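One-letter residues, chain by chain:
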Amino acid sequence: MSGEPANPVRGEAELRVAGERLVLRPSFAALVAAEGELGPLFALVERAAAGKLALGELVALFWHCLRERPEALTREALGEAVVAGGLAAATPALRQLLAQILGGR
């Protein structure tokens, strides 16, 4: 789906959705958009660390951080794909995004 693989130096993470590779990039604009919807990012990180991150919050963070959004992909479809793939499969990408939120590049 995405031409270039994730670049960990930029803080990017990969997420497999229905066999397709999506690249998540926690850019300033993406994080501002996520924060506008989800509230302060530090509180989001704290909820995640406490195991209290809601599925909708996870999908919203992923949605805002998509480097390239395929035309056919809706936010609902992304959420369904995350559920279908299992939270364990989404955890590495979440962990990498949270590390970037806390530590920067």
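Only a predicted model underlies this, so the values are computations on that prediction, with no experimental measurement involved. (Residues numbered from 1 in each chain as written. Predicted model: local features only at pLDDT ≥ 70, side-chain atom pairs only at ≥ 80, totals over all residues. Heavy atoms only, no water.)

1. Some points on the nonpolar core
Next up, step 1: Core analysis: the largest hydrophobic core is formed by 30 residues, its most contacted members being L15, L24, L61, F62, L78 and V82.
Next up, step 2: Residue assignment for this core shows that the elements contributing at least two residues are β1 (13-17), β2 (20-24), α1 (28-38), α2 (41-49), α3 (55-65), α4 (75-85) and α5 (87-103). (Core = buried A, V, L, I, M, F, W, Y, C linked by side-chain atoms within 4.5 Å. Buried < 20%, exposed > 50% of the residue type's maximum accessible area, 1.4 Å probe, protein only. Helix = DSSP H or I, 4+ residues; strand = E, 2+ residues; numbered from the N terminus.)

2. Thoughts on the packing of aromatic side chains
Next up, step 1: This structure, assessed with the given rule, holds zero aromatic pairs.
Next up, step 2: The side chain of R69 reaches across the aromatic face of W63, ending 4.0 Å from its centre. (Phe/Tyr/Trp six-rings, centres within 6.5 Å; stacked < 30°, edge-to-face > 60°. Lys NZ or Arg CZ within 6 Å of the ring centre and 35° of its normal.)

3. Examining the environment of R10
Next up, step 1: Structurally, R10 is set in the segment before β1.
Next up, step 2: Classification of R10 as partly exposed rests on a relative accessible area of 42%.
Next up, step 3: Along the chain, R10 and Q100 lie 90 residues apart, while their C-alpha atoms are 8.9 Å from each other.

4. What to know about a nonpolar patch on the surface
Next up, step 1: Among the surface-exposed residues, L55, V83 and L87 lie close enough to one another that they form a single nonpolar patch of about 260 Å² accessible area.
Next up, step 2: Overall, the relative accessible area of 51% leaves L87 in the exposed class. (Patch = residues over 30% accessible without salt bridge, like charges linked within 9 Å, V, L, I, M, F, W, Y side chains within 5 Å. Areas by Shrake-Rupley, 256 points an atom, 1.4 Å probe, with all protein chains shown as cover. Salt bridge = Lys/Arg side-chain N within 4 Å of Asp/Glu carboxyl O.)

Read these as geometric descriptors, not functional statements.
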